[in-house]
Structures are given as structure tokens and as C-alpha cells.
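Coordinates in review
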Amino acid sequence: MDHRFDQSKKKLRLGDILIDQKVISEEQLKKALELQRGSGRKLGETMVDAGITTEEAIAHALSDQLHLEYVKLVGLQIPDEIIKLVSSTVAKKHTAIPLMYDKNNANVLKVAMSDPMDMGAIDDFTIVTNMQIEPVVATTHQILLYIDRYYSTADVKNAADEYAKEKEAQFKEEDEELYNEDVSSSPIVQLVKTMIEQAVRQRASDIHIEPLEDRVRIRYRIDGALYEKMTYSPRLLPAITARIKIIGGMDISEKRKPQDGRITQVVDRQEFDIRVSILPTVYGEKTVMRLTSKSGLTREKSQLGFRPDELKQFDHILKNPHGIILVTGPTGSGKSTTLYTALSELNTEDVNIITVEDPVEANINGINQVHVNPKADLTFATALRSILRQDPDIIMIGEIRDGETAGIAVQASITGHLVVSTLHTNSTSASIGRLVDMGVESYLLADSVVGIIAQRLVRRLCPSCRKAVLADEEQKDLLQVDKDQDFTIYEPCGCVQCDNTGYKGRIGVYEIMEITPELRPLISHKASAEEIKQVALSQGMHTLRMSASQYVKDGITSISEMIKVSFDA
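Residues numbered from 1 in each chain as written. Predicted model: local features only at pLDDT ≥ 70, side-chain atom pairs only at ≥ 80, totals over all residues. Heavy atoms only, no water.

A cluster of acidic residues, D472, E473, E474, D482 and D484, forms a negative patch at the surface. In this structure, E473 sits in helix 20 (residues 473-479). (Patch = residues over 30% accessible without salt bridge, like charges linked within 9 Å, V, L, I, M, F, W, Y side chains within 5 Å. Areas by Shrake-Rupley, 256 points an atom, 1.4 Å probe, with all protein chains shown as cover. Salt bridge = Lys/Arg side-chain N within 4 Å of Asp/Glu carboxyl O. Lys, Arg positive; Asp, Glu negative; His and termini not counted. Charge placed at Lys NZ, Arg CZ, Asp CG, Glu CD. Helix = DSSP H or I, 4+ residues; strand = E, 2+ residues; numbered from the N terminus.)

Below is the structure:
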């Protein structure tokens, strides 16, 4: 492609292109320009952040208008020789990455750019590579992910190794303070920052920094499973831990006790709240960071994975003016996301919503959130008593852990409040028994509980590489399908798109029990969980096993995932 032809594109403006391509309206452009004024952000970023359009829509519009190729980077392998043509500094500065030589002309280099009209970037790439540059369009998110994959990891590892070697010379067994003094040094700061950025871009929920005998292992939990991503010299551990303690507001000199802290970091213009836990182990302190983003916890109801009939039930339960709604399941089963989504749905100007949480997982505008603090004698129970004097309409309790909290929740619901909370039980029917065991009278429960949702998360099979297989006898039995007929199910395989895991993303599996007039007498007379379950099933409830097996039949997940979430069903 002729370089002079590129220069003519300079006159085109992104706003005009998007209007030409009918991606946005004049009004939306006006709104975006107002939002952009004084913010120092690019117009495209402003529009994506404000929800006016998406990165994909902008990329396709640029591709169509400028007659440039649109490239999906996912699944693309870039050869090392191409990556080495450009330094990480140049790639990061312009959010652009070299992809390949042009098939017809070896002197033309294709470069993926989110802004192909950025002449400065094209000039820089031309000078650095001494080649003719042909821009191709890709989304910012994908380019950043690839810069991470091909540049950041190597950069940080080299810097960290240099740092470790430098310290090796001065390091004495007892002289660990050397690391602490120098903890603000750039390689370690960079290492921790990049570790968090990479985890976010790879959709990780947790980062584990584990001291082993001869190395420090970094693992990310992605879609519920842990994957090793990096190893460092054990010499680096004190510096990494000290850096995390500094930014997490912990005591840098305390190495013998467990500590907790919080970090806020912005990654790709999105704010992440990171909860940090540090635990002394045999080989040093192990750190676990849990990543949550405000937007990740408050989703659209449709994104939770409810089927149409389940969504109808969920909506119906939420419409109750008072009563208790319980969401149950083990840690990491998506209960918080469901609760926050329900609260966002109920969050209108005419209601007063107050939450008591330990800790507050995401701040939501318009909701009053209270953080439990046992040291200041602010427990779930004491906080709830005060909240009832704050004229609430809806109360969210992070978790019902004891009889006192359960009793206040029941009283609050009977006196005309809607209470939503979580409970650690395996199924909907078992939740009633758990509350009775906590000391709540069964007749009060029958009166107050309006709905119970048990949930789990299953990993979605990667649509690009899942492979079809015929179910064997045992699998047909599990799925309760006709044993005499062939039945196709899908198994994980693994490809570049899913990082060879076979899975990509997760979806919720639900068991929703609405407390009907038929169930109330059973609850009141302390019927067993099994009896309650049988009546609920006769009224159309789907168990976790039934919901998960439907996903297997639809090819969304695998048999092994189904067994994992409904093992006791």
C-alpha cells in the first residue's frame, strides 16, 4: 500500500466516519464530544466507556470506510522474527503490534492498529523497521492482550532476573531488608503492575503467588481452574510481597502473621478492586489476590445464564414487596454476582436499599453499603439492628452465618422489608433445614421465605474446538436419555483461542424454588429436605443436575463439568 495514500486519511475524523457508517447518530457524537472535553481521552475510548458503541463496531467502521483489512487477533500466532522487528516501547506507545509480511511484497509489514489514521504511529513503525507499513484494523482490547502475550511477559521477566542477579551479589540470608528498602525500584513495581494487568486481560478471578522450595510460582484462576503462568527466582519473593503490602496498606515488617489488604488498580480504563490475603508458609509468604470489577459484578440479568422460564421465576420472586430471598451455593459459585444483579434491578429512586457485607465487594451508585467490622463491634447482627432504624425498603445481608443474624433477617422480612442474602448450602431444600438448625422457628420461616435459588457455575466449552462424541451407556444414564438411541455430546479439546484449556467463559446453573402455598405447611411442620424437594419438583422445579444436564444436551458444557456441580444430586 502506498504510504502517500495513508496521508490522505489524516483529514478524516473518527466521528465523521462513524456517522457515515451509521454506527452512531449526530446526537451521540455530540454527547461523546462533550464527555471527551477536558478528559484527555481519545474519542473512541470515550464512546466505548459511555456505552455509545463497542470497540468491534468502531473497528469494522474504520475497516469499511478506509478499505483496510479487519483482523481478529484471537487464534493468530505471530512469529518471533516479526515481534523482534519492533521494541515493546514502540508497540505499547502506539497500541499497535506487527503481524506479518505482506504475501505479495516482502518489504511491506502488516501492523494491527486500533487507530489506523495515527500517522505518528505509522511513521514510527516505518523508521524502526525500515519497511513500508500497511495498517490493518483490530480492537484495542485484542491488541493489548497480544502486546501482553508477546512483549510484557518477556520484558518483566528480564527486568526481574536482572534485579535478582544484582541483589544476589549483596544478598545474605539474614539481610532480607535489602529488598524492602529497594522495593519501590522499577522492576518490582512493574512486575506487580503487569501481573495484575495480564490477569485481568486473561479473565482471571484470582492470582496466586506461591513460594515453593526452588522457585516462586505464579498461577491464575481462569474460569474456576488454576493455570501456572510464570515462575521467578525465590530471591524475588520478599520484594514482590513487600510491594504488594505497600500498595495494599499492610504492615511491611510483619512476616509471621496472616494479613489482609485492598488495592484499587485501573486496567484498560476499568477500575478493579483487589482483595489481598497474605499467609506465612514454610517457604515464605503466599499471596492471593482476588480481582473484582464493578461492572463484572453488576451484569444484565440476561447475562447470568437464566433460561427464559427461570428468568420468569427470578423476576416473579424479585417482585415480592417483602420476605426473604436466599441465594445458596459454595464459595465461587457466583452468588454475589446474582445478588448484585438483583439489587441493581431493584435500585430505583423510590426505594432505600442498604447492604451489610463482609467485605463490600463492589460499590454500587445509589445503594448504602455497610462494611462489617468486628473490631469496632459492628457485626452482621449489630449492623442490622441499626439498619432497621434507617427506614430501609430492601436489605441485603452478605451472608447469614449465625442464628442471631438469621433471626433479625426473619423479623425484618415479617415487618415489611425485602431481605436478600446468601447461605452456604448445597441445594434449595436444604436451606430451610439449615435456618431451623440455626434456631429460627419453622412457622416464622414458612411465613417469611419467598424464594430460594441454588446456583453453581459450569465452564462453557470452547465453540472453536469442542469435539462431538457419542455418549456411552453410563453417560446416557446420567443424562436420562434413551439408552437404545445414539446421543451426541461434546468434550473439551483445546486450541489457541481457549489457551488449550478446552473451555472459554462460564455460565450459571440454577435451581429455583419459589415458596408456594403448598410448600408453606411443609416448612412450618419441619418436613425433611427430601419431602420439600419432591413437592417442589412436582410443581415444576428443576434441580441443579437437571439444569446442568440440559447444558450438556445443548453442547454448552461437558459431562465432567455437570458431575462437578451436581455431584451430590
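Here helix 11 (residues 186-201) is 16 residues long and its end C-alpha atoms lie 22 Å apart, about the 22 Å a rise of 1.5 Å per residue gives. All buried positions along helix 11 are accounted for by I188, L191, V192, T194, M195, I196, E197, Q198, A199, V200 and R201. Positioned one or two residues after helix 11, R203 has a phi angle of 65°, which is positive. (Expected span 1.5 Å × (residues − 1). Buried < 20%, exposed > 50% of the residue type's maximum accessible area, 1.4 Å probe, protein only.)

Membership of the largest hydrophobic core comes to 36 residues, with the highest contact counts inside it found for L445 and M513. Sequence-distant contacts of L445, that is, excluding residues within four places in its chain, are made with V410, I432, L435, V436, V440 and I523. (Core = buried A, V, L, I, M, F, W, Y, C linked by side-chain atoms within 4.5 Å. Contact = heavy atoms within 4.5 Å.)

On to the sheet that holds strand 14 (residues 418-423). Spatially, 12-11-13-14-10-15-18 is the arrangement adopted by the seven strands of the open sheet, whose pairing is mixed. Pairing within the sheet leaves two strands with one partner each, and these edge strands are strand 12 (368-371) and strand 18 (503-514). Within the sheet, the average angular offset between the axes of one strand and its neighbour, ignoring direction, is 20°. Bridge analysis of strand 11 (residues 353-357) against strand 13 (residues 394-397) gives four bridges, and the strand direction is parallel. Residue pairing across strands places I354 opposite I395, the latter belonging to strand 13. (Pairing = 2+ DSSP bridges. Axes fitted to C-alpha atoms, helices over the stretch in contact; angles between N-to-C directions.)

Another point: the confidence of the model for the protein chain. Averaged over every residue, the pLDDT of the protein chain is 85; residues scoring 70 or more account for 93%. Low pLDDT (under 50) marks residues 1-9, which in the prediction has 20 contacts with non-local residues, meaning those over four places away or in another chain. (pLDDT = per-residue confidence, 0-100.)

So, on to the packing of aromatic side chains. This structure, assessed with the given rule, holds three aromatic pairs. Between F306 and F314, the ring centres sit 4.6 Å apart and the planes meet at 25°, which makes this aromatic pair stacked. F306 sits in the buried class, given a relative accessible area of 10%. On the basis of relative accessible area, F314 is assigned to the buried category, the value being 3%. The residue whose ring lies beneath R307 is Y551, and the NZ or CZ to ring-centre distance is 4.3 Å. (Phe/Tyr/Trp six-rings, centres within 6.5 Å; stacked < 30°, edge-to-face > 60°. Lys NZ or Arg CZ within 6 Å of the ring centre and 35° of its normal.)

What follows is about the state of the cysteines. For the coordinates displayed, the defined rule picks out zero disulfides. Here C493 stays unpaired: no disulfide links it, and the sulfur of C465, its closest cysteine neighbor, is 5.4 Å away. (Disulfide = S-S within 2.5 Å.)

We now examine the packing of helix 16 (residues 380-387) against helix 17 (residues 403-414). How two helices sit against one another is set out by the angle between their axes and by the gap between those axes. At a minimum axis distance of 9 Å, the contact between helix 16 and helix 17 shows a crossing angle of 20°. By the angle between their axes, helix 16 is roughly parallel relative to helix 17. At the point where helix 16 passes helix 17, the crossing takes the left-handed sense. Of helix 17, the residues touching helix 16 (which contributes F380, A381, L384 and R385) are E404, T405 and I408. Its residues placed into classes, the contact of helix 16 with helix 17 shows four nonpolar, one polar and two charged. (Parallel < 35°, antiparallel > 145°, perpendicular 65-115°, else oblique. Left-handed = near helix turned anticlockwise from the far one by under 90°. Nonpolar A, V, L, I, M, F, W, Y, C, P; charged D, E, K, R; others polar.)

Right, let's talk about the packing of helix 11 against helix 12 (residues 237-247) for a bit. Between helix 11 and helix 12, the least distance of the axes is 10 Å, while the angle of their chain directions is 70°. The angle between helix 11 and helix 12 falls in the class roughly perpendicular. Only A239, I240, R243, I244 and I247 of helix 12 make contact with helix 11, whose side of the interface consists of I188, V189, L191 and V192. Tallied by class, the residues present in the contact of helix 11 with helix 12 amount to eight nonpolar, no polar and one charged.

This next bit is on the environment of R219. On the secondary structure map, R219 appears in strand 5 (residues 216-222). Measuring from C-alpha to C-alpha, the distance between R219 and L109 comes to 35 Å, with 110 residues separating the pair along the chain. Every residue in contact with R219, bar those within four places of it in the chain, is listed here: D206, I207, H208, E210, L226, Y227, E228 and K229. For R219, the side chain forms a polar contact with the side chain of E210, separated by 2.8 Å. (Polar contact = N/O pair within 3.5 Å; in protein donor to acceptor, adjacent residues only side chain to side chain.)

This part is about helix 15 (residues 335-346). For helix 15, spanning twelve residues, the distance from its first C-alpha to its last is 17 Å, which sits close to the expected 16 Å at 1.5 Å a residue. Within helix 15, nine of the twelve residues are buried, leaving the element largely enclosed by the surrounding structure. Among the residues of helix 15, those classed as buried are K335, T337, T338, L339, Y340, T341, A342, L343 and L346.

With that settled, the discussion passes to the sheet that holds strand 2 (residues 108-113). Pairing in this open sheet of three strands is mixed, and the strands run 1-2-3 from one edge to the other. Each edge of the open sheet is held by one strand with a lone partner, namely strand 1 (96-101) and strand 3 (132-137). Taken pair by pair, the neighbouring strands of this sheet meet at an average axis angle of 35°, ignoring direction. Where strand 1 and strand 2 come together, five bridges link them in antiparallel fashion. If you follow M100 over to strand 2, its bridge partner there is K110.

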